[in-house]
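Structural description and commentary
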Amino acid sequence: MIPFSPPRMDQRIVDEVVDTLWSGWITTGPKTKRFEKMLSDYGGQKSTLCLNSATAGLELVLHWYGVGPGDEVIVPAYTYNATANVVVHCGAKVVFVDSGEDFNINVDAIEKAITSNTKVIIPVDIAGWPCDYDAINALVRRDDIRSQFIAKTKEQEQLGRILVMSDAAHSIGGVYKGKKAGSLTDITVYSFHAVKNLTTAEGGAICFNMPEPFDNLQIYQRLNIKSLHGQTKDALAKNQIGNWRYDIVEAGYKCNMTDIQASMGLVEIQRYNEDMLVKRKHILDRYASALSKYPWAQIPVYETTERQSSYHIFLLRIVGATESQRDSIIQEIFMQEVAVNVHFVPLPMMTFYKGLGYRIDDYPVAYDNFSREITLPVYYDLTDAMVDEVVRAVVRAVEK
Ligand SMILES: *Cc1c(COP(=O)(O)O)cnc(C)c1O
């Protein structure tokens, strides 16, 4: 069986983790802080806070920006449920919008969905392909959009407009007009979950890029405290001589990253561009060239002169297939010992969101993309021979 997405593992990662285990410090400490610094250098953002998941990062930022009941947050219908669930946790309203041909959020649909209650837009770089950030960033700064924004908190007043927080769970290393995901919007959130491009088993990070007069280091410190119960000192700081006394400034959360997780990330970030991204691009190129000769195969765009993907996953679409034909094709592919997947079932099709009154008929492009989509495996240890085997399995399944 060709698996779908095993993590890359080697002796360097094992050695770094073991080094942490014997170091006397296994929770948040020097390695997490070093990893944060390396992530800032890599993505070009002003500061980076590591956490135990992307979900925690998205939610902390919504709380920091004061999003709550009566507010609206714009989210693509086509994403993983974490992007929308965090909005529900805050008591705000999820406003789904449709996607484009490239799977990403449709900017015209965002514009139509904006109201005076809109506080945040969460674009998602599906498969690692950066959204059209020039258009999104220009939209929230437009005078007529700014003038209907109602600030309810100090942070909202200071920004004076809708916050753009990109969900870059797939797209660390993705590039838009020469800038990396991490520094394309006000705030960016990465995921280091086991199936993602760069993994720490579980983990995530918030990248801060807030404009003047915000102090990104200060926001980092605020959210760091929020991620540790609102406690003014973490365990490492309290360990210093005469430094035991601490205070609680809010009822915060508990979602910090451990140094065990950070050790995996430290190894991976150092070789990410030259090794991981090169490997993934090679796999996507091989799929694209093998499949493009079949008229039924719609190949995803993952590179133009202005944008490069992080080559996270390969979203094949079958031209003219119905949802049930696609399901049968997937069944056939599995019968040939190849694991594939679907990214994603649009959220308006999920029981919980249907129960809130959302209808998939309102998101026709998201549905069309989903109904014909099959995600092919992409991971570090996938060899050329395995890619060829996946292609043979797909071709046989479609032809059958
Ligand atoms: C994986 C994923 C997340 C959640 O990441 P966690 O680190 O597991 O919280 C959020 N958004 C998208 C689009 C994802 O694929």
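See above for the structure.
What counts and how
Residues numbered from 1 in each chain as written. Predicted model: local features only at pLDDT ≥ 70, side-chain atom pairs only at ≥ 80, totals over all residues. Heavy atoms only, no water. Helix = DSSP H or I, 4+ residues; strand = E, 2+ residues; numbered from the N terminus. Rg over C-alpha atoms; globule rule 2.2 N^0.38 Å. Buried < 20%, exposed > 50% of the residue type's maximum accessible area, 1.4 Å probe, protein only. Contact = heavy atoms within 4.5 Å. Areas by Shrake-Rupley, 256 points an atom, 1.4 Å probe, with all protein chains shown as cover. Lys, Arg positive; Asp, Glu negative; His and termini not counted. Charge placed at Lys NZ, Arg CZ, Asp CG, Glu CD. Pairing = 2+ DSSP bridges. Axes fitted to C-alpha atoms, helices over the stretch in contact; angles between N-to-C directions. Core = buried A, V, L, I, M, F, W, Y, C linked by side-chain atoms within 4.5 Å. Domains from an automatic or database assignment. Near = heavy atom within 4 Å. Polar contact = N/O pair within 3.5 Å; in protein donor to acceptor, adjacent residues only side chain to side chain. Nonpolar A, V, L, I, M, F, W, Y, C, P; charged D, E, K, R; others polar. Salt bridge = Lys/Arg side-chain N within 4 Å of Asp/Glu carboxyl O. Parallel < 35°, antiparallel > 145°, perpendicular 65-115°, else oblique.

**Let's talk about the overall build of the protein**
- Scanning the protein for helices and strands turns up 16 helices and 13 strands.
- Here the C-alpha atoms of the protein give a radius of gyration of 21 Å, agreeing with the 21 Å that 2.2 N^0.38 yields for 400 residues.
- Each principal axis of the C-alpha distribution contributes one length, and for the protein these read about 70 × 55 × 40 Å.
- Scored against the burial criterion, the 400 residues of the protein give a buried share of 56%.
- At a minimum sequence separation of 6, the contacts of the protein that also span at least 24 residues come to 73%.
- Only carbon and sulfur atoms are counted for the fraction: they give 54% of the accessible area of the protein, which is about 16500 Å².
- On the protein, the mean spot of the 41 positive side-chain charges and the mean spot of the 49 negative ones are 3 Å from each other.

**Quick notes on the sheet that holds strand E10 (residues 297-298)**
- Taking strand neighbours across the sheet as the criterion, the three strands line up as E10-E12-E13 in an open arrangement whose pairing is antiparallel. Since the sheet does not close on itself, it has two edges, and those belong to E10 and strand E13 (373-376), each with one partner.
- Sheet analysis places strand E12 (residues 314-318) next to E13, joined by four bridges and oriented antiparallel. Each bridged residue has a counterpart across the sheet, and for Arg317 the counterpart in E13 is Glu373.
- On the sheet, helix H12 (residues 272-291) packs against E10, E12 and E13 and is oriented at approximately 15° with respect to E12.

**A look at the sheet that holds strand E6 (residues 175-176)**
- Spatially, the three strands line up as an open sheet ordered E7-E6-E11, and their pairing is antiparallel. Every interior strand has two partners, whereas the edge strands, strand E7 (179-180) and strand E11 (307-308), have only one.
- Bridge count between E6 and E11: two bridges; the pairing is antiparallel. Residue Val175 lies in a different strand from E11, and its bridge partner there is Gln308.

**Observations concerning the nonpolar core**
- Residues Phe96 and Met165 are the most contacted members of the largest nonpolar core, which totals 73 residues.
- The biggest single contributor to this core is helix H3 (residues 54-64), with seven residues.
- Each of two domains, domain 1 (11-269) and domain 2 (272-399), supplies a minimum of three residues to this core.
- Setting aside residues up to four positions removed in sequence, Phe96 forms contacts with Val75, Pro76, Ala77, Ala84, Leu347, Pro348, Tyr353, Tyr358 and Tyr363.
- By size, the runner-up hydrophobic cluster in this structure holds 52 residues, among which are Ile283, Val340, Tyr379 and Leu382.

**Description of the site of the ligand**
- The immediate surroundings of the ligand are formed by 16 residues, with Thr55, Asp167, His170, Ser191 and Lys196 found nearest.
- In this structure, a nitrogen atom belonging to the ligand sits 2.8 Å away from a side-chain N or O atom of Asp167.
- The set of elements that each furnish at least two residues to the shell around the ligand consists of H3 and helix H4 (82-89).
- Here the shell around the ligand is composed, by residue class, of six nonpolar, eight polar and two charged.

**Comments concerning the pattern of salt bridges**
- Per the stated rule, a full pass over the model turns up 25 salt bridges.
- When the shortest N-O distance is used, the salt bridge between Asp41 and Lys37 registers 3.0 Å. On the criterion of helical spacing, the pair formed by Asp41 and Lys37 is a turn pair, its members being four residues apart in helix H2 (residues 30-43).
- Among the residues examined, Asp41 registers a relative accessible area of 53% and is labelled exposed.

**Description of the packing of helix H11 (residues 259-270) against H12**
- Direction vectors running N to C along H11 and H12 enclose 85°, while the axes themselves pass 6 Å from each other. Regarding the angle of H11 to H12, the classification is roughly perpendicular. For the pair H11 and H12, the contacting residues are Glu268, Ile269 and Gln270 in the first and Tyr272, Glu274 and Met276 in the second.
- Taken together, the residues that form the contact of H11 with H12 break down as three nonpolar, one polar and two charged.

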